[in-house]
Amino acid sequence: MIIHVNQVERHPLHLEGEEPAGVLNLREEFLRLDHPLRYRLDAESITGGILVRGALATTVTAACDRCLQTFEFEVEVEDFVYLHEDLSVSSFDLTPLMREDILLLLPQRAVCTSTCRGLCPHCGQNLNDGPCGCEVQSNDLRWGALDDLSIDPGEQE
Ligand SMILES: [Zn+2]
Ligand SMILES: [Zn+2]
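Residues numbered from 1 in each chain as written. Chains lettered and ligands numbered in written order. Predicted model: local features only at pLDDT ≥ 70, side-chain atom pairs only at ≥ 80, totals over all residues.

1. Section: the overall build of the protein
Step number 1: What the protein contains, in helices and strands, is 4 helices and 7 strands.
Step number 2: Secondary structure elements of the protein, listed N to C terminal, follow the sequence β-α-β-β-β-β-β-β-α-α-α.
Step number 3: Scored against the burial criterion, the 157 residues of the protein give a buried share of 13%.
Step number 4: Taking the intrachain contacts of the protein between residues at least 6 apart in sequence as the baseline, contacts between residues at least 24 apart amount to 58%. (Helix = DSSP H or I, 4+ residues; strand = E, 2+ residues; numbered from the N terminus. Buried ≥ 20, exposed ≤ 12 C-beta atoms within 10 Å, placed from the backbone. Contact = placed C-beta atoms within 7 Å.)

2. Details of the nonpolar core
Step number 1: Among the nonpolar cores identified, the biggest contains 18 residues, and L37, Y39, A43, V52, L56, M98 and I102 are the most heavily contacted of them.
Step number 2: Counting residues per element, the ones that place at least two in this core are β4 (37-46), β5 (49-63) and α2 (95-104).
Step number 3: A total of 5 residues in this core trace back to one element, the largest contributor, which is β5.
Step number 4: Excluding anything up to four places from it in sequence, Y39 contacts L15, E16, G17, E19, G54, L56 and M98. (Core = buried A, V, L, I, M, F, W, Y, C linked by C-beta atoms within 7 Å.)

3. Focus on the environment of S90
Step number 1: Here S90 lies in the loop between β6 (70-84) and β7 (91-93).
Step number 2: With 87 residues separating them along the chain, S90 and I3 place their C-alpha atoms 8.6 Å apart.
Step number 3: Apart from residues lying up to four places away in sequence, S90 is in contact with H4, V5 and N6.

4. What about unusual backbone geometry?
A negative phi angle characterises most non-glycine residues, just as the trans form characterises most peptide bonds.
Step number 1: A positive phi angle, near 70°, is found at L68, a position not held by glycine.
Step number 2: In this fold, L68 is placed in the loop between β5 and β6.
Step number 3: A tally of 13 C-beta atoms within 10 Å means that L68 is categorised as partly exposed.

5. Notes on the pairing of β4
Step number 1: Judged from the 7 bridges that link them, strand β2 (residues 13-19) and β4 form a sheet pairing that is antiparallel. Across the sheet, the residue bridging to G17 is Y39, located in β4.
Step number 2: Where β4 and β5 come together, 9 bridges link them in antiparallel fashion. Paired with Y39 across the two strands is L56, which belongs to β5.
Step number 3: From the end of β4 to the start of β5, which pair antiparallel, there are 2 residues, and G48 there has a positive phi angle of about 100°. (Pairing = 2+ DSSP bridges.)

Written out as structure tokens, the structure is:
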């Protein structure tokens, strides 16, 4: 989003709207920014430059780290602040700065809910949909392994 310095110098500017998702240009395996970047900003001329402040928000599409289901969550920058000091230029671009602030808020991993049960490691069923029946079996296997350990090697020959 281009801010024209002399326009703001004439009178404060209120900016409210959306930038297309493309400006966020994020490619991660488990996160997608495919919703617009929403902004509500005020730009004013102060001693020392152009001050821009306000709020940013967008909706993130993520794949749950545990169950792999896609879900969405909101990220919000409540106190975006930028002081543009170089008044030798006639305009400057806020988009890279807004993008940076949003990216800083993105988690390394995302979980759909804190209680997500994930996928069964044996059959791959989403355990949030209910038990799959493997649980009993895997317990049996564990006991089986203990039984093996308790066998005297001598008996096996
Ligand atoms: Zn999940
Ligand atoms: Zn299973």
